[in-house]
Amino acid sequence: QVQLVESGGGLVQAGDSLRLSCAASGGTLSTYGIGWFRQAPGKDREFVGVINRSGTNTYFEAYMKGRFAISRDDAKNTAYLQIHNLQPEDTAVYYCAVTLLARLPNRQGRYNYWGQGTQVTVSS
């Protein structure tokens, strides 16, 4: 069973950039596609984006294109979510998850393992 641990969250100011990490253990990350989700206070968890197993393709929720980027370093068994120009509405707990599917799923039920999340708070 794969264990995922997110890190890199914190309190930042609007306009800052942040890189979140998702470190995997107990399995080989290259076996999986990696998705990122977030849950803002009082809201449902929502899809941010996903990267495929080879790292050659990504897919993002439409309104998140441009400010978010996903990458992976399988040698380090770690994936990353880069967020640019953070805004207060980006305040949320950010989760990574892995999927065995070859395509790029945006539905939570398509993911097999989840991390516990890392809090990102953006002040105006």
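For the structure itself, look to the data block above.
Residues numbered from 1 in each chain as written. Predicted model: local features only at pLDDT ≥ 70, side-chain atom pairs only at ≥ 80, totals over all residues. Heavy atoms only, no water.

Asks: Sorry if this is basic, but what is going on with the overall build of the protein chain here?
Replies: Counting secondary structure elements, the protein chain contains 0 helices and 11 strands. The helix and strand sequence of the protein chain, counted from the amino end, reads β-β-β-β-β-β-β-β-β-β-β. Radius of gyration (C-alpha) of the protein chain: 13 Å, near the 14 Å computed for a compact globule of 124 residues. Scored against the burial criterion, the 124 residues of the protein chain give a buried share of 41%. Considering only residue pairs separated by 6 or more positions, the protein chain has 58% of its internal contacts joining residues 24 or more positions apart. Taken as a whole, the protein chain presents about 6200 Å² of accessible surface, with 44% of it coming from carbon and sulfur. (Helix = DSSP H or I, 4+ residues; strand = E, 2+ residues; numbered from the N terminus. Rg over C-alpha atoms; globule rule 2.2 N^0.38 Å. Buried < 20%, exposed > 50% of the residue type's maximum accessible area, 1.4 Å probe, protein only. Contact = heavy atoms within 4.5 Å. Areas by Shrake-Rupley, 256 points an atom, 1.4 Å probe, with all protein chains shown as cover.)

Asks: Help me out: how do you make sense of the pairing of strand β5 (residues 46-51) in this one?
Replies: Consecutive side chains along a regular strand alternate between the two faces of the sheet. Across the 6 residues of β5, 5 count as buried, placing the element largely inside the fold. Hairpin geometry of strand β4 (residues 33-39) and β5 is characterised by an intervening segment of 6 residues between the two adjacent antiparallel strands and by a positive phi of about 75° at Gly 42. Summarising the sheet, β5 and strand β6 (residues 58-60) pair through 3 bridges and their orientation is antiparallel. Within β6, the position partnered with Gly 49 by the bridge is Phe 60. Linking two consecutive strands that pair antiparallel, namely β5 and β6, is a turn of 6 residues; a positive phi of about 80° is found at Gly 55 within it. (Pairing = 2+ DSSP bridges.)

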